[in-house]
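# Fold and geometry: a report
Residue-level listing of the chains:
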Amino acid sequence: LGFLWEPENNRFTIYDDGSQYQQFTSINAGNYVFGVQQATGGVTLNFRLFVEANDWTQTPAGITSANALNTKNIAKSVIYNRADSPKLSRTPSSTSNRKTFTISVWYKPADLGTRRQLFSAGTDGSNYAIFEVNDNNKLYYTHSGGSDNVVSTRTIEDSSKFYHILFAMDTTQSTAANRLKIYVDGDQITAFDASTYPSQDFTTFINNSSYPHAVGSFAGTFGSSLHVGGNIAEFNFVDGTALTPST
């Protein structure tokens with residue numbers, strides 16, 4: 001099953017094996033119930049969509065039922081050919097909030113089984129902050145100068161679709177698990193292979209004007225084999241706030 005929410009059209013569509021199954025339009029606050037039969041003569045699975053209010057935000061530009069659920073590309077997405085060592089990089093002109101920020105990206109994976117950095121800051125193998133899909137196709141965060149090591153149990157390995165991935169960092173939080181929250185397709189990741197979080201009030205290399213930052217690769221000279229393969233769209237970085245996907 002696939003689900004597509006289009007707030008700009010006030011429309012919610014259910015897809016079964018890539019084909020439209022049912023669609024709700026002119027949605028207001030309330031309950032919407034639909035059933036999907038597992039197979040001919042099989043069990044019918046009933047779902048309930050609860051809409052609390054119709055104060056919608058926009059979906060990312062170019063994401064439609066055709067390209068989010070099938071093998072097409074999102075309009076204006078960046079295609080990363082790993083063999084070309086692609087990199088989008090910049091160095092901040094001034095240092096900003098290094099403890100609290102949000103990274104949000106739509107990623108359609110390729111080159112499964114390799115390390116692919118979604119976002120990074122640093123100069124070399126001794127100075128870095130890394131947010132990546134690792135060689136086990138799991139989301140991974142680490143930072144030099146400490147024991148930070150967070151690895152999701154969930155994998156990112158369906159190369160036919162775009163995933164929405166969000167990292168929300170706030171090292172000022174007193175509870176360790178709240179200092180880095182990871183979301184995939186709107187759901188918060190709660191199962192981890194490793195979960196050593198930054199220490200409270202830890203100051204990262206992110207938003208530091210002394211370090212280059214990069215989307216889709218390692219920012220510095222170290223890690224030339226860590227380039228992303230696949231497509232990246234709607235990359236957003238929010239300085240000073242740890243957001244959720246619904247924000």
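As a reminder, the structure under discussion sits directly above these lines.
Analysis parameters
Residues numbered from 1 in each chain as written. Predicted model: local features only at pLDDT ≥ 70, side-chain atom pairs only at ≥ 80, totals over all residues. Heavy atoms only, no water. Phe/Tyr/Trp six-rings, centres within 6.5 Å; stacked < 30°, edge-to-face > 60°. Helix = DSSP H or I, 4+ residues; strand = E, 2+ residues; numbered from the N terminus. Buried < 20%, exposed > 50% of the residue type's maximum accessible area, 1.4 Å probe, protein only. Lys, Arg positive; Asp, Glu negative; His and termini not counted. Salt bridge = Lys/Arg side-chain N within 4 Å of Asp/Glu carboxyl O. Polar contact = N/O pair within 3.5 Å; in protein donor to acceptor, adjacent residues only side chain to side chain. Core = buried A, V, L, I, M, F, W, Y, C linked by side-chain atoms within 4.5 Å. Contact = heavy atoms within 4.5 Å. Pairing = 2+ DSSP bridges. Axes fitted to C-alpha atoms, helices over the stretch in contact; angles between N-to-C directions.

Under the criterion given, the structure shown has nine aromatic pairs. Centre to centre, the rings of F101 and F237 are 5.7 Å apart; their planes meet at 20°, and the pair counts as stacked. Residue F101 is located in strand 8 (residues 100-109), and its partner F237 is located in strand 18 (residues 230-239); the two are separated by 136 residues in the primary sequence. A relative accessible area of 0% places F101 in the buried class. According to the relative accessible area criterion, F237 is partly exposed, its value standing at 28%. Ring centres 6.4 Å apart and planes at 80° place the aromatic pair F192 and Y197 in the edge-to-face group. A relative accessible area of 23% means that F192 is categorised as partly exposed.

Another aspect to go through is the side chain of D170. Within the fold, D170 resides in strand 13 (residues 163-170). An unpaired buried charge is present at D170: no salt bridge exists, and R179, the closest side chain of opposite charge, is 8.1 Å distant. Only 3.0 Å separates the side chain of D170 from the side chain of T100, close enough to count as a polar contact. Separated by 2.5 Å, the side chains of D170 and T172 make a polar contact.

Mapping S120 onto the fold places it in strand 9 (residues 116-124). In this structure S120 comes out as buried when scored by relative accessible area, which is 0%. At 2.9 Å, the side chain of S120 forms a polar contact with the backbone nitrogen of A219.

Counting residues in each nonpolar core, the largest one holds 31 residues, and the members touching the most others are Y107, L118, F131, L139, I165, F167 and L180. At the level of secondary structure, the elements contributing two or more residues to this core comprise strand 8, strand 9, strand 10 (127-133), strand 11 (138-143), strand 13 and strand 14 (180-184). Residues contacting L180, with those up to four places away along its chain left out, are F131, Y141, V150, F167, A168, M169 and Y197.

Take the pattern of salt bridges next. Opposite charge on two side chains makes pairing possible when the charged atoms of those side chains draw close. For the structure shown, the criterion picks out five salt bridges. Residues D201 and K99 are paired through a salt bridge, measuring 3.9 Å at the closest nitrogen-oxygen approach. Of this pair, D201 sits in the loop between strand 16 (192-196) and strand 17 (213-215) while K99 sits in the loop between strand 7 (88-90) and strand 8, placing them 102 residues apart in sequence. A relative accessible area of 38% places D201 in the partly exposed class.

This part takes up the environment of W106. The topology assignment puts W106 in strand 8. For W106, a relative accessible area of 17% gives the class buried. The spatial distance from the C-alpha of W106 to the C-alpha of D185 is 9.2 Å, given a sequence separation of 79 residues.

Strand pairing in a sheet takes place through backbone hydrogen bonds and is either antiparallel or parallel in direction. Judged by pairing direction, the sheet is antiparallel, and its seven strands sit side by side in the order 7-17-9-10-11-12-16 without closing on themselves. Pairing within the sheet leaves two strands with one partner each, and these edge strands are strand 7 and strand 16. Averaged over all neighbouring strand pairs, the angle between strand axes comes to 15°, with direction disregarded. Relative to strand 16, strand 12 (residues 149-155) runs antiparallel, the two sharing four bridges. Counted as the bridge partner of N149 is T196 from strand 16.

Most of strand 9 is tucked away: seven of the nine residues are buried. As defined by bridge partners, strand 9 adjoins strand 10 across seven bridges and the pair is classed as antiparallel. The residue bridging F119 from the neighbouring strand is F131, located in strand 10. As consecutive antiparallel partners, strand 9 and strand 10 are separated by two residues. As paired strands, strand 9 and strand 17 are joined by three bridges and run antiparallel to one another. Following the sheet pairing, S120 is matched in strand 17 by A214.

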